Number of protein chains: 2
Amino acid sequence: MVEPPQAEEFIETILSNETARPPGSEQAKDDNRTMAALLNLLGKKHTIVILHQFATGDGPLRFGDLEEAVDIAPNTLSNRLEELTEVGLLTRQAYDEIPPRVEYNATEKAKELAPVFWYLGVWTERHDLEPIATDDD
Amino acid sequence: MVEPPQAEEFIETILSNETARPPGSEQAKDDNRTMAALLNLLGKKHTIVILHQFATGDGPLRFGDLEEAVDIAPNTLSNRLEELTEVGLLTRQAYDEIPPRVEYNATEKAKELAPVFWYLGVWTERHDLEPIATDDD
DNA sequence: CTGAATCCGGTCCGATACTG
DNA sequence: CAGTATCGGACCGGATTCAG
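Residues numbered from 1 in each chain as written. Chains lettered and ligands numbered in written order. Predicted model: local features only at pLDDT ≥ 70, side-chain atom pairs only at ≥ 80, totals over all residues. Heavy atoms only, no water.

Looking at an unreviewed UniProt entry, one finds chain A named HTH hxlR-type domain-containing protein, with Haladaptatus pallidirubidus as its source organism.

The following block contains the structure:
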């Protein structure tokens, strides 16, 4: 954790109100649809963990990297990567080499999702979930 | 959206480094376990949307409220509410009346998760997901 | 050798019907 | 109103197999 680079940008976003929209407007409706789609995506198993990997690390990640970091079946991982790529959160670049190499990169869009995971980290430092509970609450 | 009350508190959290921990410490390991458990929970279908409801609204929510707001099967909703309660993110209070009434409230812990959902809203205002894409990227 | 498609078994989720 | 019971279907995990 410790003072991540996102912090400044994050604060900017919070303080600037440039993104506010008239409620009930067309844009607001689009936002709701996007939000629904996003939550639906995040709701799928492992999606969050995968994005978390891209959000915390910074370089490109390969199939094998994720496979061992996330504890996920290869077929499911394949599906998630495809979904995330289709939706524009990841880019996929295949190099025609031997051994073959495929690199996945987070897009700008995905990187701007990073604060979410970073704050999740902050939260985790300050709280526990009950079953593992210690002295919290 | 528009300048949520969480913003100030959020900024405080970002600026104060009080939560930082030595990496590799015992606490850090606990954090990782908690994080894994949290992500695992958030990964389950509808969990995020449900928490989002509690994060945006402020009063208590009843079974029926959620059922119509979230578009979820009652058995699944029942499961989620139980999970979230067990884990200490929600409290459940049943009133012995007719008709019966059960109120769910977000705990402090859950409320401190609100910035996540709020920022998700900010993100949604600034981006789209590809299939619905407009002028983004 | 890596990334991913296929097949199958298990688990989770949705829809409806039903109970206190 | 707030759930539970049941069942069918979608989704996920694991092993194997395939392609480049």
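Having seen it, we continue.
Draft legend 1. Examining helix H5 (residues 74–86) of chain B more closely. Residue and element names in this part refer to chain B. With 13 residues, H5 extends 18 Å between its outermost C-alpha atoms, agreeing within 8% with the 18 Å of an ideal straight helix rising 1.5 Å per residue. The complete set of buried residues in H5 reads Leu 77, Arg 80, Leu 81, Glu 83 and Leu 84. Across the axial projection of H5, the buried residues extend over an arc of 160°, all falling on one side. Close packing links the buried residues of H5 with helix H2 (26–43), helix H3 (47–56), helix H4 (63–70), strand S2 (90–95) and strand S3 (101–106). Immediately beyond the C-terminal end of H5, within one or two residues, lies Gly 88, with a positive phi of roughly 90°. (Helix = DSSP H or I, 4+ residues; strand = E, 2+ residues; numbered from the N terminus. Expected span 1.5 Å × (residues − 1). Buried < 20%, exposed > 50% of the residue type's maximum accessible area, 1.4 Å probe, protein only. Arc of directions from axis to C-beta. Contact = heavy atoms within 4.5 Å.)

Draft legend 2. Here's a closer look at the packing of helix H7 (residues 114–126) of chain A against helix H7 (residues 114–126) of chain B. Between H7 of chain A and H7 of chain B, the least distance of the axes is 9 Å, while the angle of their chain directions is 175°. By the angle between their directions, the pair H7 of chain A and H7 of chain B is classed as roughly antiparallel. Contacts between H7 of chain A and H7 of chain B pair Pro 115, Val 116, Tyr 119 and Leu 120 of chain A from the former with Pro 115, Val 116, Tyr 119 and Leu 120 of chain B from the latter. (Axes fitted to C-alpha atoms, helices over the stretch in contact; angles between N-to-C directions. Parallel < 35°, antiparallel > 145°, perpendicular 65-115°, else oblique.)

Draft legend 3. Representation of the packing of aromatic side chains within the structure. Scanning all chains against the criterion turns up zero aromatic pairs over all chains. Above the ring of Tyr 95 of chain A, the side-chain terminus of Arg 101 of chain A is found at 4.0 Å from the ring centroid. (Phe/Tyr/Trp six-rings, centres within 6.5 Å; stacked < 30°, edge-to-face > 60°. Lys NZ or Arg CZ within 6 Å of the ring centre and 35° of its normal.)

Draft legend 4. Looking closely at the nonpolar core. Leu 89 and Leu 120 of chain A together with Leu 89 and Leu 120 of chain B are the most contacted members of the largest nonpolar core, which totals 66 residues. Residues within four places of Leu 120 of chain A in sequence aside, it is in contact with Met 35, Leu 38, Leu 39, Leu 42, Leu 113 and Val 116 of chain B. (Core = buried A, V, L, I, M, F, W, Y, C linked by side-chain atoms within 4.5 Å.)

Draft legend 5. Just the protein's contact with DNA strand D, in detail. Close to DNA strand D lie 19 residues, the nearest being His 46, Asn 75 and Arg 80 of chain A together with Arg 62 and Arg 92 of chain B. Restricting the count to atoms of DNA strand D within 4 Å of the protein gives a sugar and phosphate share of 64%. Take His 46 of chain A: an N or O atom from its side chain is 3.3 Å from a phosphate oxygen of DNA strand D. Ser 78 of chain B places a side-chain nitrogen or oxygen 2.6 Å from a phosphate oxygen of DNA strand D. Those elements giving two or more residues to the surface near DNA strand D turn out to be helix H5 (74–86) of chain A together with H4, H5 and S3 of chain B. A class-by-class count of the residues in the surface near DNA strand D yields eight nonpolar, six polar and five charged. (Near = heavy atom within 4 Å. Polar contact = N/O pair within 3.5 Å; in protein donor to acceptor, adjacent residues only side chain to side chain. Nonpolar A, V, L, I, M, F, W, Y, C, P; charged D, E, K, R; others polar.)

Draft legend 6. Highlighting the pairing of strand S3 (residues 101–106) of chain A. Residue and element names in this part refer to chain A. Relative to S3, strand S1 (residues 61–62) runs antiparallel, the two being bridged by two bridges. When the bridges of S3 are listed, Leu 61 appears paired with Tyr 104. The pairing of strand S2 (residues 90–95) with S3 spans six bridges and is antiparallel. Residue pairing across strands places Ala 94 opposite Val 102, the latter belonging to S3. Where S2 folds back onto S3 in an antiparallel hairpin, the turn is made up of five residues. (Pairing = 2+ DSSP bridges.)

Draft legend 7. Region of interest: the protein's contact with DNA strand C. Not every one of the 17 residues close to DNA strand C is listed here, only the nearest: Gly 64 and Arg 92 of chain A together with His 46, Asn 75 and Arg 80 of chain B. In this structure, a phosphate oxygen belonging to DNA strand C sits 3.4 Å away from a side-chain N or O atom of Arg 62 of chain A. Contributing elements (two or more residues each) for the surface near DNA strand C: helix H4 (63–70), H5 and S3 of chain A together with H5 of chain B. Top contributing element to the surface near DNA strand C by residue count: H5 of chain B, with four residues. Across the surface near DNA strand C, the residue classes break down as seven nonpolar, six polar and four charged.

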